[in-house]
Amino acid sequence: MHAYQHDFIALAHRAGVLRFGSFTLKSGRQSPYFFNLGQIATGAGLARLGAAYAACIEASGVSFDMLFGPAYKGIPLATTTAIALAERHGRDMPLAYNRKETKDHGEGGMIVGAPLAGRVLVIDDVLTAGTAVRESLALIRAHGATPAGVVIALDRQERGTGERSAAQELTHEHHVPVLAIAGLSEVMDYADTQPDLAVFSAELATYRAHYGVA
């Protein structure tokens, strides 16, 4: 596990973003862990989160020209990532996000920030159904730009309705890479190092064996 992945999972655990126990997901599955990125709601926490996104992007080597944050959750995530890329990695990248409804006064339009152009990297929290991300990819292409990939915080690495995970489905359908700061594998590695989480290690392994993807 990379240092930025460990720091991210530790931050998520301390902030209550990552919780362990027994949770019923929307799919009806009983999961030994739950993840809600909205629990990070302070300036310091968002700064560390942006640093994790930026480190993931840098480690991946993905080529891109600008960032895009889907409304609404993706807006602060793309913003803090852009700041971290500039301050920590010397990459001052253009940033854009969309409105939910087209503005018909002032500057108008649906896109706020830099014009969509070149290779656009989408920043979001997680992939469940992936509806918002698919809409973003269509919007990027409609403006004549090219999706460079999607970056999410956590990949649950489990099957959806078929044999592929949500991330694998998106890559298969749209031919773009999906990067994640961490996945279930790293969550399990982290749990193994925390004495208070040892009780959940076997449950996590069972869950991955039952629902996980290759």
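Up top you'll find the structure we're talking about.
Here we summarise the structure given alongside this text. (Residues numbered from 1 in each chain as written. Predicted model: local features only at pLDDT ≥ 70, side-chain atom pairs only at ≥ 80, totals over all residues. Heavy atoms only, no water.)

### Notes on the packing of helix 1 (residues 3-14) against helix 2 (residues 43-60)
Quick reminder of the rule: Whenever a helix is involved, its axis is fitted only over the stretch in contact; in every case the axis is a line through C-alpha atoms, and angles between N-to-C directions fall within 0 to 180 degrees. For the purposes of this entry, the term helix denotes a DSSP run of H or I that reaches at least four residues, the term strand denotes a run of E that reaches at least two, and both are numbered from the N terminus. Convention used here: angles under 35 degrees read as roughly parallel, angles over 145 as roughly antiparallel, angles from 65 to 115 as roughly perpendicular, and any remaining angle as oblique. Should the near helix be turned counterclockwise from the far one by less than a right angle, the crossing is left-handed, whereas a clockwise turn marks it as right-handed. Contact between two residues is taken to exist if any of their heavy atoms lie within 4.5 Å; hydrogens are not considered. Side-chain classes follow a simple rule in which Ala, Val, Leu, Ile, Met, Phe, Trp, Tyr, Cys and Pro form the nonpolar group, Asp, Glu, Lys and Arg form the charged group, and the remainder, Gly included, forms the polar group.
Taken N-terminus to C-terminus, the directions of helix 1 and helix 2 make an angle of 150 degrees; their axes are 10 Å apart at the nearest point. Accordingly, the angle class assigned to the pair helix 1 and helix 2 is roughly antiparallel. Between helix 1 and helix 2 the crossing geometry is left-handed. Seen from helix 1, the contacting residues are Y4, D7, F8, L11 and R14; seen from helix 2, they are G45, R48, L49, A52, A55, C56 and A59. Of the residues that constitute the contact of helix 1 with helix 2, the class distribution is 8 nonpolar, 1 polar and 3 charged.

### Some thoughts on helix 7 (residues 198-211)
For the record, the criterion: Between the first and last residue of a helix there are one fewer steps than residues, each counted as 1.5 Å, and that sum is the expected span. Relative accessibility under 20% of the residue-type maximum defines a buried residue, over 50% an exposed one, and the middle range a partly exposed one, all with a 1.4 Å probe and only protein chains included. Our arc is simply the arc of the directions from the helix axis toward the C-beta atoms.
In this model helix 7 runs 21 Å from its N-terminal to its C-terminal C-alpha over 14 residues, within 8% of the 20 Å that 1.5 Å per residue would give. Every buried residue of helix 7 is accounted for by F200, S201, L204, Y207 and Y211. Looking down the long axis of helix 7, one finds its buried residues gathered within 135 degrees of arc, a one-sided arrangement. Facing away from the buried side of helix 7 by more than 90 degrees, the exposed set consists of A202, T206, A209 and H210.

### Things to note about the packing of helix 4 (residues 131-142) against helix 5 (residues 166-174)
As a packed pair, helix 4 and helix 5 sit with axes 12 Å apart at the nearest point and diverge in direction by 25 degrees. Looking at the two axes, helix 4 sits roughly parallel to helix 5. Crossing hand, helix 4 versus helix 5: right-handed. Residues V133, R134, L137 and R141 of helix 4 touch helix 5, and the partners they reach there are E169, L170, E173 and H174. When its residues are assigned to classes, the contact of helix 4 with helix 5 shows 3 nonpolar, 1 polar and 4 charged.

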